[in-house]
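The primary structure of each chain is shown beneath.
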Amino acid sequence: MNKEIGIIGLGKMGKGIAAQLAEKGWTVHVYNRTVEKAHELASEFESMKAYDSVESMVAGISSSPRIVWVMVPAGNAVDETLFGERGLAQYLHEGDVVIDAGNSQYKNDATCAAKLAEKNIHFIDVGVSGGPAGARNGACLMVGGPKKLFDEYEELYKDLTVEGGYAHFEGIGAGHFVKMVHNGIEYGMMQAIGEGFNLMKQSDYHLNLTEVARVYNRASVVESRLIGWLEKAYQEWGVELKPISGSISHSGEGKWTVEVAEEMGQEVPVIKESYEFRVKSASNPSYTGQVVSALRGQFGGHKVNK
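Criteria and thresholds
Residues numbered from 1 in each chain as written. Predicted model: local features only at pLDDT ≥ 70, side-chain atom pairs only at ≥ 80, totals over all residues. Heavy atoms only, no water. Helix = DSSP H or I, 4+ residues; strand = E, 2+ residues; numbered from the N terminus. Buried < 20%, exposed > 50% of the residue type's maximum accessible area, 1.4 Å probe, protein only. Polar contact = N/O pair within 3.5 Å; in protein donor to acceptor, adjacent residues only side chain to side chain. Salt bridge = Lys/Arg side-chain N within 4 Å of Asp/Glu carboxyl O. Core = buried A, V, L, I, M, F, W, Y, C linked by side-chain atoms within 4.5 Å. Contact = heavy atoms within 4.5 Å. Expected span 1.5 Å × (residues − 1). Pairing = 2+ DSSP bridges. Axes fitted to C-alpha atoms, helices over the stretch in contact; angles between N-to-C directions. Parallel < 35°, antiparallel > 145°, perpendicular 65-115°, else oblique.

**What to know about the side chain of His 176**
Here is step 1: Tracing the backbone shows His 176 in helix H9 (residues 174-202).
Here is step 2: Given the relative accessible area of 1%, His 176 is considered buried.
Here is step 3: A polar side-chain atom of His 176 sits 2.7 Å from a polar atom in the side chain of Asp 109.

Here it is in structure tokens:
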């Protein structure tokens, strides 16, 4: 395949994706609503060019079919980027490909795909995990859409991931669905860690929680990246996590997972309770909340200070 791509959206994730591809031999065309960010990033790479409009970025992609990777917030931002007054769809041609790699609600993917199909433009949904570090150095990708399109653009996914870090799931929206459930599972895992470390903190043993996190992450059954990030958080902020908020921010995907489970008649009590804990934490901050917030700050670069 031609290693040329357009990228719209240079937030924490999109910026890393663009930089990683530029380093792996891709010609990368970038656009961001705040155009200064695009020009600043492009100045770091010979194979990257920034544009002041979506129209000019599309025109700058010389290969055919064009591939445009969209990484903007879910909801209205996606609709505006694709179908707004100066939206991407009006500048693409038959056979071009749009990849929505943001955290979009999977139910909306069918609508986007249908609108693009009216112009014979292909749509692929991709769930991306790994946080900003993953986007920059090797992520995990959950790819939806038709198998034929997956096969055609597999080299792109391979260049963006750790070894073996991508998979295809047949059907429009399947990639975003798998990523949505991933985030629901993430809620439950982080909640369990928060509750467990809070319990140890409140015990009479005066435990060194940094040491607990360290030893947990050395061949124990709960060894994980999350435990490793907690160890790092303790090293950075201290066991009391004094600068970290005990109120946990949350994205839509935990809520969507709970709602979809209810629609399907399936029980997800751990995910549901962890989501509800986050909602209640806005008015009831706690040390459990501080641990979860600290983890969010470590892997996602989220703002978690009080």
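Moving on, there is more to tell.
**Describing the pattern of salt bridges**
Here is step 1: Enumeration according to the criterion identifies 12 salt bridges in this entry.
Here is step 2: Notably, a salt bridge pairs Glu 263 with Lys 107, separated by 2.7 Å at the nearest N-O pair. With a gap of 156 residues between them, Glu 263 in helix H12 (residues 252-264) and Lys 107 in helix H5 (residues 106-117) connect regions that are remote in the sequence.
Here is step 3: Given a relative accessible area of 55%, Glu 263 falls into the exposed group.
Here is step 4: A relative accessible area of 38% means that Lys 107 is categorised as partly exposed.
Here is step 5: Salt bridges sharing common partners tie together Lys 3, Glu 155 and Asp 159.

**Remarks on the nonpolar core**
Here is step 1: Ile 7, Val 28, Trp 69, Val 126, Leu 141 and Tyr 157 are the most contacted members of the largest nonpolar core, which has 37 residues in total.
Here is step 2: Broken down by element, the residue count for this core peaks at five residues, all from helix H1 (residues 12-23).
Here is step 3: When near neighbours in sequence (up to four residues on either side) are disregarded, Trp 69 contacts Ile 5, Gly 6, Ile 7, Ile 8, Ile 17, Ile 99, Ala 101, Val 126, Val 128, Leu 141, Leu 156 and Leu 160.
Here is step 4: Of all hydrophobic cores here, the second largest spans 23 residues; its members include Trp 229, Leu 230, Leu 295 and Val 304.

**Quick look at helix H11 (residues 225-237)**
Here is step 1: In this model, H11 (13 residues) spans 18 Å end to end at C-alpha, consistent with the 18 Å of a helix rising 1.5 Å per residue.
Here is step 2: At the exit of H11 stands Gly 238, carrying a positive phi of roughly 85°.

**A short note on unusual backbone geometry**
Here is step 1: Along the chain, Ser 64 connects to Pro 65 via a cis peptide bond; the corresponding omega equals 0°.
Here is step 2: Backbone geometry places His 206, a non-glycine residue, at a positive phi of 55°.
Here is step 3: Structurally, His 206 is set in the loop between H9 and helix H10 (209-216).
Here is step 4: One non-glycine residue with positive phi stands out, namely Leu 241, at about 50°.

**Some thoughts on the sheet that holds strand S7 (residues 139-143)**
Here is step 1: Across the sheet, eight strands lie side by side as S3-S2-S1-S4-S5-S6-S7-S8; this open sheet has mixed pairing. The open sheet is flanked by strand S3 (48-50) and strand S8 (161-168), the only strands paired with a single partner. Within the sheet, the average angular offset between the axes of one strand and its neighbour, ignoring direction, is 25°.
Here is step 2: Pairing of strand S4 (residues 67-70) with strand S5 (residues 97-100), which is carried by four bridges, proceeds in the parallel orientation. Bridge pairing in S5 links Val 70 to Asp 100.
Here is step 3: Of the strands in this sheet, strand S1 (4-8), strand S2 (27-31), S3, S4, strand S6 (122-129) and S8 touch H1, which is tilted by about 165° from S1.

**Comments concerning the packing of helix H4 (residues 76-83) against H5**
Here is step 1: Two elements in contact, H4 and H5, have axes whose closest approach is 12 Å; the angle formed by their N-to-C orientations is 5°. If you check the angle between H4 and H5, you find them roughly parallel. Contact residues: H4 offers Val 78, Asp 79, Leu 82 and Phe 83, while H5 offers Cys 112, Lys 115 and Leu 116.

**Digging into the environment of Gly 138**
Here is step 1: One can find Gly 138 in the loop between helix H6 (131-137) and S7.
Here is step 2: Relative accessible area serves as the criterion here: at 14%, Gly 138 is assigned to the buried category.
Here is step 3: Remark: the alpha-carbon pair of Gly 138 and Lys 158, spanning 20 residues in sequence, is separated by 9.2 Å.
Here is step 4: The residues touching Gly 138, leaving out its near neighbours within four places in the chain, are Gln 20, Ala 133, Leu 160, Thr 161 and Val 162.

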